[in-house]
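So you can see what is in the structure, the chains are spelled out below.
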Amino acid sequence: MQLASSGGRRLRHAALAARKFVLESGRTVTRKELSAAARDAAKALRLSAPQRLVLSQLVVCWGEHDIDRLLVWPSNQRLTTATGLSERSIRNAVRALIELQLLLPKDSPNGKRYAVRDKQGNVIDAFGFDVTPLYARRGEWAATTAAQRQMKELLKRSFDEITICRRATEEALHALARDHQSVDRADLEKRLAVLKARTPKRSGTTLPAGLADAWSEMRQLAEEAFYQASCDGTTFRHIEAEKESSSETCYKGDQNDAEPAAYDTPPSHLPLPALVVEACPVIDGYAHPIRDTADLVAAGSFLRACLGTHPSAWTEAVEELGAIRAATAVIYVLQRHEDDVRSGRNSIRNPGGYFRSMVRLIKNAEIDLQAELLTLRRHKLAQQDGGALPRHGRCDAYRPDHGPQTDHLPRDRAGTGASGIFMRRAFAQGSRCVAV
């Protein structure tokens, strides 16, 4: 290394190489353009904080003079005041910038930094630093920063893939430990620990070669081990827990409100539909005539809501008593509630609870439903013969083809009682009874 005689500065190869960078002919560089080139260079070369500070202050000193080189001449004292760095830090930063071919030193005979002006005061030359290489290499800075952004994105995706593989591997090993404790996991766990030790943090600039492929392979091994431990789904037959007939449809609707698919055959001691109609005139409010047991069950399922009874109560009654006796109990309780309201006693405050109690008593054989219906029928017939109620036992008082024939019923039976209110609301809703 030879010494330069002008200011005692060491002659460096970088300084000589920087002289080859020149501006385009007739090019005028603004301070804003020079500052943008300085920012790109700081990103591309990853300059340290002192180097960025010194370079930015040198750029600020550019006065947009009409000369062929970008010359600035701030003193060390000015740079120290502007940056807050020590003079030694300033000298070190300038030396580093020269080595990076961002600056070109231009020393005066006495080592001072100053400008040479003409008679009009225009700057024609200066001694200090030439920042022409900084601006002349702006295309290089742009290409370098673009490559850095691309590498950063690739590194981010690689770290994301490693994170996904790590979580999938840990989940597969956890599933093995939970569901298949007899499977040996020692080799897999050891390999996982080695990969974790090799994997750097995201703050790292590079990844070890082949690390992403190793994580992908580790994930495949762990998931394959779990898959094999689960017998591939082919060693054992699927246990079919469904015992129902395959001829049934998949959609069965609401089981609580559905009518029984098949009605139980009534024993000989149960009442016939005609007996229910005679004993319970409230059934006249039903929109369809009661001709057989199927109509009786349909009426009981329909009128269940008039008692304010939950659908589960009807389902339990059907299971415990059978469809026919459950429907008969519904109609019987509805008639009792109608008579109770009409008499003004109002002793049945909760018809739904009364129905549940009736089902329990019938199940335990504490009440004979047929005997109760016979008693109620005799009472109704006695009232009709005595004139309290006109005799009316026709079960087709309401015909489906003509709608409700309330003109043929006594006023108290057609709608003065609680059940009449329920049924008027039911027909207003389109023959669907609603619980109130």
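Thresholds, definitions, all that
- Residues numbered from 1 in each chain as written.
- Predicted model: local features only at pLDDT ≥ 70, side-chain atom pairs only at ≥ 80, totals over all residues.
- Heavy atoms only, no water.
- Helix = DSSP H or I, 4+ residues; strand = E, 2+ residues; numbered from the N terminus.
- Areas by Shrake-Rupley, 256 points an atom, 1.4 Å probe, with all protein chains shown as cover.
- Phe/Tyr/Trp six-rings, centres within 6.5 Å; stacked < 30°, edge-to-face > 60°.
- Lys NZ or Arg CZ within 6 Å of the ring centre and 35° of its normal.
- Polar contact = N/O pair within 3.5 Å; in protein donor to acceptor, adjacent residues only side chain to side chain.
- Contact = heavy atoms within 4.5 Å.
- Salt bridge = Lys/Arg side-chain N within 4 Å of Asp/Glu carboxyl O.
- Buried < 20%, exposed > 50% of the residue type's maximum accessible area, 1.4 Å probe, protein only.
- Pairing = 2+ DSSP bridges.
- Axes fitted to C-alpha atoms, helices over the stretch in contact; angles between N-to-C directions.
- Parallel < 35°, antiparallel > 145°, perpendicular 65-115°, else oblique.
- Left-handed = near helix turned anticlockwise from the far one by under 90°.
- Arc of directions from axis to C-beta.

Asker: Explain the overall build of the chain here, please?
Answerer: Of the regular secondary structure elements, the chain holds 17 helices and six strands. Carbon and sulfur atoms make up 50% of the accessible area of the chain, which totals about 25,800 Å².

Asker: Any chance you could explain the packing of aromatic side chains here in plain terms?
Answerer: The description of an aromatic ring pair rests on the distance of the ring centres and on the angle between the ring planes. Tallied over the entire structure, the rule returns one aromatic pair. If you follow Lys-106 out to its NZ or CZ, it ends over the ring of Phe-127, 5.6 Å from the centre. Above the plane of the ring of Tyr-135 lies Arg-138, whose end atom (NZ or CZ) is 4.2 Å from the centre.

Asker: Which parts of the structure should I look at to understand unusual backbone geometry?
Answerer: Glycine aside, residues mostly have negative phi angles, and peptide bonds mostly take the trans form. The backbone of Arg-46 shows a phi angle near 50°, a positive value even though the residue is not glycine. Note on placement: Arg-46 falls in the loop between helix H2 (31-45) and helix H3 (49-60). One non-glycine residue, Ala-365, lies in the positive phi region at around 60°. Inspection of the secondary structure assignment puts Ala-365 in the loop between helix H14 (351-363) and helix H15 (369-386).

Asker: Please clarify how the side chain of Arg-137 should be interpreted in this entry.
Answerer: Checked against the element boundaries, Arg-137 lands in the loop between helix H6 (132-136) and helix H7 (138-179). From its side chain, Arg-137 meets the backbone oxygen of Leu-100 in a polar contact 3.1 Å long. Each residue touching Arg-137, except ones within four places of it in the same chain, is listed here: Phe-21, Leu-100 and Gln-101.

Asker: So what exactly am I meant to see when it comes to the environment of Pro-351 here?
Answerer: Mapped onto the elements, Pro-351 comes out in helix H14. Excluding residues within four positions of it along the chain, Pro-351 makes contact with Leu-307, Val-333 and His-337.

Asker: Any chance you could explain the pattern of salt bridges here in plain terms?
Answerer: Between side chains of opposite charge, a pair can form as their charged atoms come close. Taken as a whole and assessed by the stated rule, the structure comprises 17 salt bridges. Salt-bridge contacts for Arg-166 lead to Glu-170; the nearest nitrogen and oxygen are separated by 3.7 Å. Taken together, the residues Arg-166 and Glu-170, both in helix H7 and four residues apart, mark about one turn of the helix. For Arg-342, the salt bridge is made with Glu-338, and the minimal N-O distance between the two is 2.9 Å. Of this pair, Arg-342 and Glu-338 both sit in helix H13 (residues 323-343), separated by four residues, roughly a single helical turn. Ionic contacts of the salt-bridge type, sharing partners, join the residues Lys-156, Asp-160 and Arg-202 into one network.

Asker: Honestly, the pairing of strand S4 (residues 123-130) in this entry has me stumped. Any pointers?
Answerer: Successive side chains on a regular strand alternate, one facing one side of the sheet and the next facing the other. Most of S4 sits out of view: six of its eight residues are buried. Bridge count for strand S1 (residues 71-72) against S4 is two bridges, and the pairing is antiparallel. Its bridge partner lying in S4, Val-72 is registered against Phe-129. The sheet contact formed by strand S2 (residues 104-106) and S4 spans three bridges and is antiparallel. Bridging across to S4, Pro-105 finds its partner in Phe-129. Note that strand S3 (residues 114-117) and S4 share four bridges and pair antiparallel. Looking at the pairing, Arg-117 lines up with Val-123 of S4. Joining the antiparallel neighbours S3 and S4 is a turn of five residues, in which Gly-121 adopts a positive phi near 90°.

Asker: How should I be thinking about the packing of H7 against helix H9 (residues 211-229) in this particular structure?
Answerer: Packed helices, taken two at a time, are described by the angle between their axes plus the distance between the axes. Here H7 crosses H9 at 25°, and the two axes come no closer than 9 Å. Judged by the angle between their axes, H7 and H9 are roughly parallel. In the crossing of H7 with H9, the sense of the turn from one axis to the other is left-handed. Listed contacts from H9 to Ile-162, Ile-164, Cys-165, Arg-166, Ala-168, Thr-169, Ala-172, Leu-173, Ala-175, Leu-176 and Asp-179 of H7 are Leu-211, Ala-212, Trp-215, Ser-216, Met-218, Arg-219, Ala-222, Glu-223, Ala-225, Phe-226 and Ala-229.

Asker: Hey, could you run me through the environment of Ser-89 in this one?
Answerer: Here Ser-89 shows up in helix H5 (residues 87-99). Along the sequence, Ser-89 and Gln-51 sit 38 residues apart, while their C-alpha atoms lie 9.0 Å from each other. Reaching out from Ser-89, the side chain makes a polar contact with the side chain of Ser-86 at a distance of 3.0 Å.

Asker: Could you clarify how one ought to interpret helix H12 (residues 311-321) in this entry?
Answerer: In an α-helix, one full turn covers 3.6 residues, which means residues spaced three or four apart are oriented alike. Residues of H12 that are buried: Pro-311, Ala-313, Trp-314, Ala-317 and Leu-321. The buried residues of H12 occupy an angular sector of 160° when projected down its axis, which confines them to one face. If you follow the buried residues of H12, they end up packed against helix H11 (293-303), H13 and H14. Looking at the residues trailing H12, positive phi occurs at Gly-322, about 100°.

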